[in-house]
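# Overview (structure and organization)
Below, each chain spelled out in residue letters.
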Amino acid sequence: MRFQILAPIAVSVALLFLSGCGSTKASSGGSMSGASAGVTDSAVTESPVTMVVHGMSCPLCANNIDLLLRRVPGVTDVTINLADGAVKVHVDQANPPTYAALARAVDQSGFTLVKIDTP
Amino acid sequence: MRPRRFSLLAALAALSCAATAAAQQSFHNISAAQPSPGVTQVRQTYQFIRLEDDPTDLDRVVNDFQVNTTIAHGLTHDLSLILTVPLVHHRVEERLSDTESTNFHIGDLNLMAKWRVWKHDTGPIDTMRFSILAGLDIPTGKHPLGNESWDPVIGVVFTSIQGRHGVNAALRWKFNTGERESFVRAGDSKDDILYADFAYLYRIDPPEYTADTKGAWYLMAELNGTYETNGDHEWMIGPGIMYEARNWVFEVSVQLPVLEKVDHRPPVAYTVGMGFRILF
């Protein structure tokens, strides 16, 4: 009886700690996918930088990639166009992210990075 | 505080944190999509389930009101954990004895791992994904709101989205380790059960996404079946409608039986449900 009361509470609390009641930094690692033209460790030099992403499927999916990109230090805003897969990332010019960091965020979000438009 | 209210609060506490929600997932189905690492998704559904025409001597009529809270947490880019907490108000009229009983309790929790083993993205919104499921039903419910055994579950799910069309197909097998002879709901007996779930989603509006798209309307058509190793099986059709915004979803669905051969419990007469997925 006690287990039936404590178990759902314990599991719920554990998951709340895991989520931290908000976002946490996305884990690093994972292989790059898709054509990674433009993916380098150099810092982003223009704002916004446009990436083409495939597989976003719906408005809610777009929220996933938006969240992960906003966690990248130096990203200030993200706009997503589901019509053509264009993801525009606005960056802090004083502290820009690298192209590789943006690519990792897209990969971690579960979608496919096709390319990053670089100058 | 009474134990039942404490359990209710525990279930509702899970709603207090949320991020994104599962996409392209119809009401009764699983999809192969999952949250990104470090992201937690919360979904809550409210469902009325009526069971009648009991073929057993007990001649039961059952009215269940069930609130399911589902929390999915992304561990890596291809692995997530999903916890489902059912809260059930269960009323049974037993015509044989002319008695009525009511139970209000958390049912059996389900903890599931979803591992996406394959994906193929072919366009801005076009994708195909395949995931493996492995989980456990945890006996937090008590009879009649659970089968009082630890039951492993394995399964697979496939999702394809091509333009305005989406398809989900999932198969799950639950190994029942309990010994209960008397039960009300499918899957609560001592027999193993196969769940077969299929869904077709059609985006009604907008016909094409644009840069200004804020949300989308979908028609859902589901086919949900169960087969138990005692021979009982049911197939339900489930039309529904869903509105999906950037950070919330509202959905409504009904289920009606199309094929039933049930000899050991009252079959499902119909279900009516609605659900929310909210980003806080």
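Residues numbered from 1 in each chain as written. Chains lettered and ligands numbered in written order. Predicted model: local features only at pLDDT ≥ 70, side-chain atom pairs only at ≥ 80, totals over all residues. Heavy atoms only, no water.

## Concerning the overall build of chain B
A count of helical and extended segments in chain B gives one helix and 13 strands. Element order for chain B, N to C, with α for helix and β for strand: α-β-β-β-β-β-β-β-β-β-β-β-β-β. The globule rule puts the C-alpha radius of gyration for 280 residues at 19 Å, and the 19 Å found for chain B is close to it. When the backbone C-alpha atoms are referred to their principal axes, chain B occupies close to 65 × 45 × 30 Å. Put simply, chain B has 280 residues, and 55% of those count as buried. Taking contacts inside chain B between residues at least 6 apart in sequence as the whole, the part at least 24 apart equals 59%. As displayed, chain B offers around 11300 Å² of accessible surface, 63% of which is attributable to carbon and sulfur atoms. (Helix = DSSP H or I, 4+ residues; strand = E, 2+ residues; numbered from the N terminus. Rg over C-alpha atoms; globule rule 2.2 N^0.38 Å. Buried < 20%, exposed > 50% of the residue type's maximum accessible area, 1.4 Å probe, protein only. Contact = heavy atoms within 4.5 Å. Areas by Shrake-Rupley, 256 points an atom, 1.4 Å probe, with all protein chains shown as cover.)

## Observations regarding the sheet that holds strand 3 (residues 86–91) of chain A
Residue and element names in this part refer to chain A. Strand order in the open sheet made by the four strands is 2-3-1-4, with antiparallel pairing throughout. Each end of this open sheet is capped by a strand with a single partner; those strands are strand 2 (75–81) and strand 4 (112–116). Sheet twist, expressed as the average angle between the axes of neighbouring strands with direction ignored, equals 25°. Strand direction decides the pairing type here: strand 1 (residues 49–54) and strand 3, joined by four bridges, are antiparallel. Within the sheet, the bridge partner assigned to V52 lies in strand 3 and is A86. Packed onto the sheet, helix 2 (residues 59–70) meets strand 1, strand 2 and strand 3 and runs at close to 160° relative to strand 2. (Pairing = 2+ DSSP bridges. Axes fitted to C-alpha atoms, helices over the stretch in contact; angles between N-to-C directions.)

## Things to note about the packing of aromatic side chains
Residues and elements named next belong to chain B. Evaluation of the coordinates by the stated rule reveals six aromatic pairs over all chains. With a centroid separation of 6.0 Å and an interplanar angle of 40°, the aromatic rings of F48 and Y270 are classed as tilted. Residue F48 is found in strand 1 (residues 40–51), and its partner Y270 is found in strand 13 (residues 268–278); the two are separated by 222 residues along the sequence. Looking at F48, the relative accessible area reads 25%, which means it is partly exposed. Geometrically, the ring pair formed by F250 and F276 is tilted, given 5.3 Å between the ring centres and 45° between the ring planes. A residue pair is termed long-range when its members are at least 10 positions apart, and F250 in strand 12 (residues 248–261) and F276 in strand 13 qualify at 26 residues. What makes F250 partly exposed here is its relative accessible area of 29%. Put simply, the rings of Y46, F250 and F276 pair up and form one aromatic cluster. The ring of F27 is capped by R43, whose NZ or CZ atom sits 5.7 Å from the centre of that ring. If you follow R172 out to its NZ or CZ, it ends over the ring of Y195, 4.7 Å from the centre. (Phe/Tyr/Trp six-rings, centres within 6.5 Å; stacked < 30°, edge-to-face > 60°. Lys NZ or Arg CZ within 6 Å of the ring centre and 35° of its normal.)

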